[in-house]
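For reference, the chains in residue letters:
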Amino acid sequence: MKTDSTTVSEYLQQIPPRWQPTLSDLRDQLRIHVDKGFVESLRWGMITYEVPLEISGPTYNKKPLMFAALAAQKNYCSLYLMAIYASPEKMAFLEKAYYSKGLKPNMGKSCIRFKNLEDIPLSEILQLLKDISVEDFLAMTRA
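Residues numbered from 1 in each chain as written. Predicted model: local features only at pLDDT ≥ 70, side-chain atom pairs only at ≥ 80, totals over all residues. Heavy atoms only, no water.

Draft legend 1. The arrangement of the pairing of strand S3 (residues 65–72) in detail. Burial runs high along S3: 8 of the 8 residues are buried. Looking at chain direction, S3 and strand S4 (residues 77–81) are connected through 5 bridges and run antiparallel. Residue Ala69 lies in a different strand from S4, and its bridge partner there is Tyr80. (Buried < 20%, exposed > 50% of the residue type's maximum accessible area, 1.4 Å probe, protein only. Helix = DSSP H or I, 4+ residues; strand = E, 2+ residues; numbered from the N terminus. Pairing = 2+ DSSP bridges.)

In C-alpha coordinates:
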(Lines give C-alpha, C1' and ligand atoms only; values in the text may rest on other atoms or scores of the structure.)
Protein backbone atom coordinates (compact mmCIF):
# COMPACT_ATOMS: atom_id res chain seq x y z
CA MET A 1 0.00 0.00 0.00
CA LYS A 2 1.43 3.37 -0.99
CA THR A 3 1.71 6.02 1.70
CA ASP A 4 2.81 9.62 1.90
CA SER A 5 3.26 9.39 5.66
CA THR A 6 6.51 10.61 7.14
CA THR A 7 6.10 9.26 10.68
CA VAL A 8 4.94 5.99 12.20
CA SER A 9 1.99 7.76 13.87
CA GLU A 10 0.85 9.22 10.55
CA TYR A 11 1.22 5.82 8.91
CA LEU A 12 -0.95 4.11 11.52
CA GLN A 13 -3.63 6.77 11.06
CA GLN A 14 -3.47 6.56 7.26
CA ILE A 15 -3.76 2.79 6.82
CA PRO A 16 -7.22 1.25 6.37
CA PRO A 17 -9.15 1.26 9.67
CA ARG A 18 -9.56 -2.53 9.60
CA TRP A 19 -5.75 -2.96 9.95
CA GLN A 20 -5.09 -0.23 12.51
CA PRO A 21 -5.72 -2.29 15.69
CA THR A 22 -3.76 -5.30 14.40
CA LEU A 23 -0.70 -3.30 13.36
CA SER A 24 -0.83 -1.14 16.49
CA ASP A 25 -0.96 -4.22 18.72
CA LEU A 26 1.88 -5.92 16.87
CA ARG A 27 3.93 -2.72 16.92
CA ASP A 28 3.51 -2.52 20.68
CA GLN A 29 4.74 -6.09 21.03
CA LEU A 30 7.72 -5.51 18.76
CA ARG A 31 8.73 -2.43 20.70
CA ILE A 32 8.84 -4.54 23.86
CA HIS A 33 10.66 -7.55 22.40
CA VAL A 34 13.06 -6.18 19.78
CA ASP A 35 16.57 -5.29 21.00
CA LYS A 36 16.74 -1.62 21.97
CA GLY A 37 19.65 -1.12 19.56
CA PHE A 38 17.26 -1.38 16.62
CA VAL A 39 15.59 1.90 15.72
CA GLU A 40 11.92 2.20 14.73
CA SER A 41 11.30 4.38 11.69
CA LEU A 42 9.12 4.71 8.63
CA ARG A 43 11.04 3.63 5.56
CA TRP A 44 10.01 2.01 2.27
CA GLY A 45 6.36 2.69 3.16
CA MET A 46 6.51 0.46 6.25
CA ILE A 47 7.22 0.62 9.95
CA THR A 48 10.78 -0.65 10.13
CA TYR A 49 13.14 -1.79 12.85
CA GLU A 50 16.62 -1.18 11.59
CA VAL A 51 20.29 -0.85 12.46
CA PRO A 52 21.38 2.79 12.17
CA LEU A 53 24.22 3.50 9.77
CA GLU A 54 26.26 4.84 12.69
CA ILE A 55 26.32 1.29 14.07
CA SER A 56 26.32 -0.82 10.89
CA GLY A 57 28.68 1.29 8.85
CA PRO A 58 28.18 1.74 5.10
CA THR A 59 25.63 -0.48 3.38
CA TYR A 60 25.22 -1.42 -0.28
CA ASN A 61 22.25 0.97 -0.69
CA LYS A 62 23.38 3.62 1.82
CA LYS A 63 20.29 2.87 3.94
CA PRO A 64 20.07 1.36 7.44
CA LEU A 65 19.88 -2.44 7.60
CA MET A 66 16.28 -3.60 8.03
CA PHE A 67 15.81 -6.17 10.78
CA ALA A 68 12.00 -6.38 10.68
CA ALA A 69 9.09 -4.37 9.30
CA LEU A 70 5.31 -4.06 9.46
CA ALA A 71 3.03 -3.05 6.62
CA ALA A 72 -0.64 -2.85 5.80
CA GLN A 73 -1.59 -4.14 2.37
CA LYS A 74 -4.98 -4.01 0.68
CA ASN A 75 -6.09 -7.49 1.79
CA TYR A 76 -3.72 -8.39 4.62
CA CYS A 77 -0.91 -7.22 6.89
CA SER A 78 2.73 -8.15 6.40
CA LEU A 79 5.47 -8.81 8.91
CA TYR A 80 8.91 -8.79 7.29
CA LEU A 81 11.46 -10.88 9.18
CA MET A 82 14.82 -10.48 7.47
CA ALA A 83 16.80 -11.88 10.40
CA ILE A 84 14.66 -15.01 10.61
CA TYR A 85 14.57 -15.62 6.86
CA ALA A 86 18.38 -15.30 6.77
CA SER A 87 18.77 -18.23 9.16
CA PRO A 88 17.71 -21.73 8.07
CA GLU A 89 17.51 -22.81 11.74
CA LYS A 90 15.25 -19.90 12.71
CA MET A 91 13.13 -20.47 9.61
CA ALA A 92 12.68 -24.14 10.49
CA PHE A 93 11.70 -23.16 14.04
CA LEU A 94 9.13 -20.69 12.68
CA GLU A 95 7.60 -23.23 10.32
CA LYS A 96 7.43 -25.80 13.11
CA ALA A 97 5.71 -23.22 15.34
CA TYR A 98 3.01 -22.73 12.72
CA TYR A 99 2.30 -26.43 12.40
CA SER A 100 2.43 -27.13 16.13
CA LYS A 101 -0.31 -24.53 16.62
CA GLY A 102 -2.38 -25.94 13.77
CA LEU A 103 -1.81 -22.83 11.64
CA LYS A 104 -1.11 -22.72 7.92
CA PRO A 105 1.82 -20.46 7.03
CA ASN A 106 1.11 -17.71 4.52
CA MET A 107 4.60 -16.59 3.63
CA GLY A 108 6.20 -14.66 0.85
CA LYS A 109 9.75 -13.58 0.24
CA SER A 110 10.93 -12.54 3.70
CA CYS A 111 7.39 -11.83 4.90
CA ILE A 112 4.49 -13.38 6.70
CA ARG A 113 1.00 -12.40 5.55
CA PHE A 114 -1.86 -12.38 8.03
CA LYS A 115 -5.25 -10.81 8.72
CA ASN A 116 -5.18 -11.02 12.52
CA LEU A 117 -2.63 -11.92 15.16
CA GLU A 118 -4.30 -15.29 15.77
CA ASP A 119 -3.15 -16.29 12.25
CA ILE A 120 0.51 -16.34 13.29
CA PRO A 121 2.57 -17.99 16.07
CA LEU A 122 3.15 -14.60 17.68
CA SER A 123 4.86 -15.68 20.89
CA GLU A 124 7.40 -17.76 18.95
CA ILE A 125 8.05 -14.94 16.49
CA LEU A 126 8.58 -12.48 19.32
CA GLN A 127 10.95 -14.88 21.06
CA LEU A 128 12.96 -15.39 17.87
CA LEU A 129 13.26 -11.63 17.40
CA LYS A 130 14.09 -11.03 21.06
CA ASP A 131 16.94 -13.54 20.86
CA ILE A 132 18.69 -11.61 18.06
CA SER A 133 20.77 -8.67 19.21
CA VAL A 134 22.00 -5.93 16.91
CA GLU A 135 25.45 -7.52 17.08
CA ASP A 136 24.03 -10.94 16.13
CA PHE A 137 22.13 -9.44 13.22
CA LEU A 138 25.20 -7.58 11.96
CA ALA A 139 27.18 -10.83 12.12
CA MET A 140 24.43 -12.57 10.11
CA THR A 141 24.55 -9.89 7.40
CA ARG A 142 28.32 -10.08 7.16
CA ALA A 143 28.54 -13.86 6.94
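Alright, that's what it looks like, and here's the rest.
Draft legend 2. Summary view of the packing of aromatic side chains. Within the structure shown, the criterion is met by 3 aromatic pairs. Between Phe38 and Phe67, the aromatic rings sit 3.9 Å apart at their centres with planes inclined by 20°, giving stacked as the arrangement. Residue Phe38 is located in the loop between helix H2 (20–33) and strand S1 (39–43), and its partner Phe67 is located in strand S3; the two are separated by 29 residues in the primary sequence. On the accessibility criterion, Phe38 (6% relative accessible area) is buried. Relative to Phe137, the ring of Phe38 lies with its centre 6.0 Å away and its plane at 65°, an arrangement referred to as edge-to-face. In this pair, Phe38 is assigned in the loop between H2 and S1 and Phe137 in helix H7 (residues 134–142), connecting sequence segments 99 residues apart. (Phe/Tyr/Trp six-rings, centres within 6.5 Å; stacked < 30°, edge-to-face > 60°.)

Draft legend 3. Region of the structure containing the sheet that holds strand S6 (residues 111–114). The strand order S1-S2-S3-S4-S6-S5 describes an open sheet built from 6 strands, whose pairing is antiparallel. Because the sheet does not close on itself, it has two edges, and the strands there are S1 and strand S5 (107–108). Across 2 bridges, S5 lies against S6 in antiparallel orientation. Its bridge partner lying in S6, Gly108 is registered against Cys111. Against the sheet, H2 touches S1, strand S2 (46–51), S3, S4 and S6, its axis set at about 155° to S3. (Contact = heavy atoms within 4.5 Å. Axes fitted to C-alpha atoms, helices over the stretch in contact; angles between N-to-C directions.)

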